[in-house]
Amino acid sequence: YYIRVMLAKSRDYTLLLHEDLIKLAEKAVQEYGGIITEVWRSYQYQKCLYMQGRDILANVNACRERLGLPKITHNENKIVTTTLRSKHLIFLAFDVYFKDNIYREFADKEKPKSVVWGGIWTNIKDNMHFELLYKNTAKLQKAYTLVRNAEVKTLDDLLALREEVGKALGLL
């Protein structure tokens, strides 16, 4: 039950900390038929993703197993992220799936200037990813520290963390 509730909540775009992101996610779902696949992720999950393609499969799967995630195969053990500091950790990003692969059209037509689309990145393209352009490094550092040290075991923990992070970023 806990995992189902947390998984469902991790896809809830109302957790996002900025109005531009919430409006964009809402538009993706309501007007384009998109499915939000992720908003928030824990630091521990981010570490598992970062290990992929950088560590042996046994270590990656041990990390995933500790979080109750399914194992991946040798072919899936490839680099999927370039950072331990994803904006997903601090409620400033979401991933959306469009079955018709309309990512560029959606980004070109709907994305506000305050949001970055992962489809334009040169290192690892991430068509599903949209994140807030937020450059206050001191506030970001504080927010990432809060997340790295957080123990999120309940929905109340998650909502309390969101509140702390929002205040640290000056968004709440």
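Our subject is the structure that appears above.
Residues numbered from 1 in each chain as written. Predicted model: local features only at pLDDT ≥ 70, side-chain atom pairs only at ≥ 80, totals over all residues. Heavy atoms only, no water.

Peer 1: Please provide a residue-by-residue account of helix α3 (residues 43-51), values included.
Peer 2: Those residues of α3 lying buried are Tyr43, Gln46, Cys48, Leu49 and Met51. Those residues of α3 that are buried are in contact with α4 (57-66) and α6 (137-148). Just downstream of α3, Gly53 is the residue with a positive phi angle, here 80°. (Buried < 20%, exposed > 50% of the residue type's maximum accessible area, 1.4 Å probe, protein only. Helix = DSSP H or I, 4+ residues; strand = E, 2+ residues; numbered from the N terminus. Contact = heavy atoms within 4.5 Å.)

Peer 1: Explain the packing of α6 against helix α7 (residues 155-168) to me, and be specific about the residues and the numbers.
Peer 2: In the contact formed by α6 and α7, the axes pass within 8 Å of each other and the chain directions differ by 165°. Between α6 and α7, the angle falls in the class roughly antiparallel. Between α6 and α7 the crossing geometry is right-handed. The segment α6 lies against α7, with Lys139, Lys142, Ala143, Leu146 and Val147 engaging Leu161, Glu164, Val165 and Ala168. The residue makeup of the contact of α6 with α7, split by class, is six nonpolar, no polar and three charged. (Axes fitted to C-alpha atoms, helices over the stretch in contact; angles between N-to-C directions. Parallel < 35°, antiparallel > 145°, perpendicular 65-115°, else oblique. Left-handed = near helix turned anticlockwise from the far one by under 90°. Nonpolar A, V, L, I, M, F, W, Y, C, P; charged D, E, K, R; others polar.)

Peer 1: So, the sheet that holds strand β3 (residues 115-117): which residues are in play, and what are the values?
Peer 2: Read from one edge of the open sheet, four strands run β1-β2-β4-β3, paired in antiparallel fashion. Every interior strand has two partners, whereas the edge strands, β1 (35-38) and β3, have only one. Averaged over all pairs of adjacent strands, the angle between strand axes in this sheet comes to 35°, irrespective of strand direction. Sheet topology note: the β3/strand β4 (residues 129-132) ladder contains three bridges and is antiparallel. The residue bridging Val115 from the neighbouring strand is Leu132, located in β4. (Pairing = 2+ DSSP bridges.)

Peer 1: So, the packing of aromatic side chains: which residues are in play, and what are the values?
Peer 2: Evaluated as defined, the whole model comprises eight aromatic pairs. Here Phe106 and Phe130 contribute two aromatic rings whose centre-to-centre distance is 5.5 Å and whose plane-to-plane angle is 90°, an arrangement assigned as edge-to-face. Of the two residues, Phe106 sits in helix α5 (residues 103-110) while Phe130 sits in strand β4, which places them 24 residues apart along the sequence. Comparing Phe106 with Phe130 shows no difference in burial state: the two are buried. An aromatic cluster is built from Tyr32, Phe94, Phe98, Tyr103, Phe106, Trp117 and Phe130, whose rings are joined through pairwise contacts. Here Arg54 stacks its cationic end above the ring of Tyr50, 3.8 Å away from the centre of that ring. (Phe/Tyr/Trp six-rings, centres within 6.5 Å; stacked < 30°, edge-to-face > 60°. Lys NZ or Arg CZ within 6 Å of the ring centre and 35° of its normal.)

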